[in-house]
Structure formats: C-alpha cells, structure tokens
Amino acid sequence: MTTGGAGLPTFLTATVANRGAAASGAFAVSFFVDGDLVGRASVANLSHIAGANVTELSVPWTPQPGKHLASIVVDGPIPHVIETDETNNTRAFELPRIQ
C-alpha cells in the first residue's frame, strides 16, 4: 500500500499464488480494513505451473487518519475452490499509521 495521506485515494494490493497441484478455477479475493469489506477482486483461473501461478490484485481505498488493520481473504469469505489446505487463504497485517 502506498498513500499520500488521509483522505487521498490509494490502493490495497495483494500478491496471490497457487501452490496446489492443479489450476484453481474462479475465485474472489476480499480486502478488509478494520473488519469492513473495502473491495473484492476476481480471478478467473490461476495456473499451478511455476511462472504462471502468481497474480497481483488491487482495490481502491481512501484511508482515514490513524492505525488500521488490513486483511486479505483468498477464496472467501465463502470458499469455492476445493483445496487440501484452507489455512493459507488469509493474511492480516497492520498498515503504516495514516497522517
């Protein structure tokens, strides 16, 4: 995430990788800030073949001043992709303080 400050539009960006043994099929990636859904991006299919198994997705967000917790949920909150490991589909992190 890069931002010019509070009230100025920015983008939340996630890099998503398919570490499975087959192509993923369609799924959504949901972006949350402080528990609120701020955007969703769709992936039509993500290959399992090295070099073609990674994609980058972004959604717009207009930050407010203060500290924020962002979370990214791949294939959720309602899962559509059949996987052997569902535990690696969420990542949460604190964003830099917005002035």
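Read on for a plain summary of the structure. (Residues numbered from 1 in each chain as written. Predicted model: local features only at pLDDT ≥ 70, side-chain atom pairs only at ≥ 80, totals over all residues. Heavy atoms only, no water.)

Let us look at the pairing of strand β3 (residues 36-43). In terms of strand pairing, strand β2 (residues 27-33) meets β3 through 7 bridges, oriented antiparallel. When the sheet's bridge partners are listed, Phe-27 is paired in β3 with Val-43. Between β2 and β3, which follow one another and run antiparallel, lie 2 residues, and Asp-34 among them has a positive phi close to 55°. (Pairing = 2+ DSSP bridges. Helix = DSSP H or I, 4+ residues; strand = E, 2+ residues; numbered from the N terminus.)

Okay, the environment of Val-29 next. Position of Val-29 relative to the elements: it lies in strand β2. Residue classification places Val-29 among the buried positions, given a relative accessible area of 0%. Here the alpha-carbon distance between Val-29 and Asp-75, two residues 46 residues apart in the chain, equals 5.8 Å. Beyond its immediate chain neighbours, meaning those up to four positions away, Val-29 contacts Val-16, Gly-39, Arg-40, Ala-41, Leu-57, Ile-72, Val-73 and Val-74. (Buried < 20%, exposed > 50% of the residue type's maximum accessible area, 1.4 Å probe, protein only. Contact = heavy atoms within 4.5 Å.)

As a further point, take the sheet that holds strand β5 (residues 69-74). With antiparallel pairing, 4 strands are arranged side by side in an open sheet as β3-β2-β5-β6. Bordering the open sheet on either side are β3 and β6 (90-94), each of which pairs with just one other strand. Averaged over all pairs of adjacent strands, the angle between strand axes in this sheet comes to 15°, irrespective of strand direction. Sheet topology note: the β2/β5 ladder contains 5 bridges and is antiparallel. (Axes fitted to C-alpha atoms, helices over the stretch in contact; angles between N-to-C directions.)

Of all the 6 residues making up β5, 5 are buried; the element is thus mostly covered by neighbouring parts of the structure. Note that β5 and β6 share 5 bridges and pair antiparallel. Looking at β6, one finds that Ala-70 is bridged to Phe-93.

Let us now look at the side chain of Asp-75. You can see Asp-75 is positioned in the loop between β5 and β6. Here Asp-75 is buried and forms no salt bridge, its nearest opposite-charge partner Arg-40 lying at an N-O distance of 9.6 Å. Within polar-contact distance, the side chain of Asp-75 engages the backbone nitrogen of Val-81 at 3.0 Å. Residues contacting Asp-75, with those up to four places away along its chain left out, are Phe-27, Ala-28, His-80, Val-81, Glu-83, Glu-86 and Asn-89. (Lys, Arg positive; Asp, Glu negative; His and termini not counted. Salt bridge = Lys/Arg side-chain N within 4 Å of Asp/Glu carboxyl O. Polar contact = N/O pair within 3.5 Å; in protein donor to acceptor, adjacent residues only side chain to side chain.)

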